[in-house]
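Observations on chain architecture
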Amino acid sequence: MESGRIIRSLVPSLCPLCRGAVEPDYLVCSSCIGSLNAASVIRDDPPEGIDRVVSCAGHEGVARELLAAYKFRQLTGLAPLIAGYMADAAQPDGQQDLILPMPPARLRTWLRGFDPVASLTRAVAAETGIPLASGSVITRVGSGRQRGRSRSSRLADPPDIRPVDSAHPIAAGRNILLVDDVMTTGATLSAAACALGLAGASGVEALTFTRRM
Ligand SMILES: [Zn+2]
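In this report, the structure presented in the accompanying data block is examined. Quick caveat: nothing in here was measured; it's all calculated off a predicted structure.

1. Things to note about the environment of Met 86
When you line up the elements, Met 86 lands in helix H4 (residues 79-90). Measuring from C-alpha to C-alpha, the distance between Met 86 and Val 124 comes to 6.8 Å, with 38 residues separating the pair along the chain. Ignoring anything within four residues of it in the chain, the contact list for Met 86 reads Cys 56, Leu 120, Val 124, Val 179, Asp 180, Leu 207, Thr 208 and Phe 209.

This is how it looks when you write it as structure tokens:
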């Protein structure tokens, strides 16, 4: 199968997370899968403006390694594995009208050559059946650089996220599931929820793979 060959060429035959042996047809080793399966889904304390939030695991251990391998080593073949956990945690209940990726900080996307959150969102949409937004709804203004900043600095100066001109017909009256890779302070999710509110969204839920505690 072509698709199987593509995944094989993108993911090493050793476990990309721990270098252990990987059984045929698996992307990571059974030990790492066991750790991921044992992680506790986190649903507490939604950030301001977010009705419900769910994260698959704390930002630590194997979950953190998996996300880093996907984002920074660009092992794009790992996307279905991450998205599978996210789709399970999302528990779609028919209340989400639309699924939408957190917009990237543009410089970062350009440097990486791919948008890891957009790819995950497409895969979660396919798994859950929640319709993917037909166009962009919100955008970041400026670099939106949050990485490497202190918690207090992030909270005091959240990224500038605004609705795009064509946002209203897509978002108005919709309950939106917003997807990001990791939640840290929640400041970025809150800024995005505010922008979606301006675009007319009736509600915003959030789904992330990991969450810093
Ligand atoms: Zn492993």
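2. Some words on the packing of helix H2 (residues 30-38) against helix H3 (residues 61-71)
Relative orientation of the contacting elements H2 and H3 amounts to 110°, with a least axis distance of 8 Å. Relative to H3, the element H2 lies roughly perpendicular. The handedness of the crossing between H2 and H3 comes out as left-handed. On H3, the residues that touch Cys 32, Ser 35 and Leu 36 of H2 are Val 62, Ala 63 and Leu 66. In terms of residue class, the contact of H2 with H3 is made up of five nonpolar, one polar and no charged.

3. Some words on the sheet that holds strand E6 (residues 203-211)
Sheet architecture is open: four strands sit in the order E1-E6-E5-E2, paired in parallel fashion. The two strands at the open ends of the sheet, each matched to only one other strand, are strand E1 (52-58) and strand E2 (98-101). Neighbour to neighbour, the strand axes of the sheet diverge by 20° on average, direction disregarded. On top of the sheet, H3 reaches E1, strand E5 (175-183) and E6; it is set at about 100° to E6, its chief contact. Contacting E2, E5 and E6, helix H9 (residues 187-198) runs over the sheet at an angle of about 160° to E5.

About the thresholds
- Residues numbered from 1 in each chain as written.
- Predicted model: local features only at pLDDT ≥ 70, side-chain atom pairs only at ≥ 80, totals over all residues.
- Heavy atoms only, no water.
- Helix = DSSP H or I, 4+ residues; strand = E, 2+ residues; numbered from the N terminus.
- Contact = heavy atoms within 4.5 Å.
- Axes fitted to C-alpha atoms, helices over the stretch in contact; angles between N-to-C directions.
- Parallel < 35°, antiparallel > 145°, perpendicular 65-115°, else oblique.
- Left-handed = near helix turned anticlockwise from the far one by under 90°.
- Nonpolar A, V, L, I, M, F, W, Y, C, P; charged D, E, K, R; others polar.
- Pairing = 2+ DSSP bridges.

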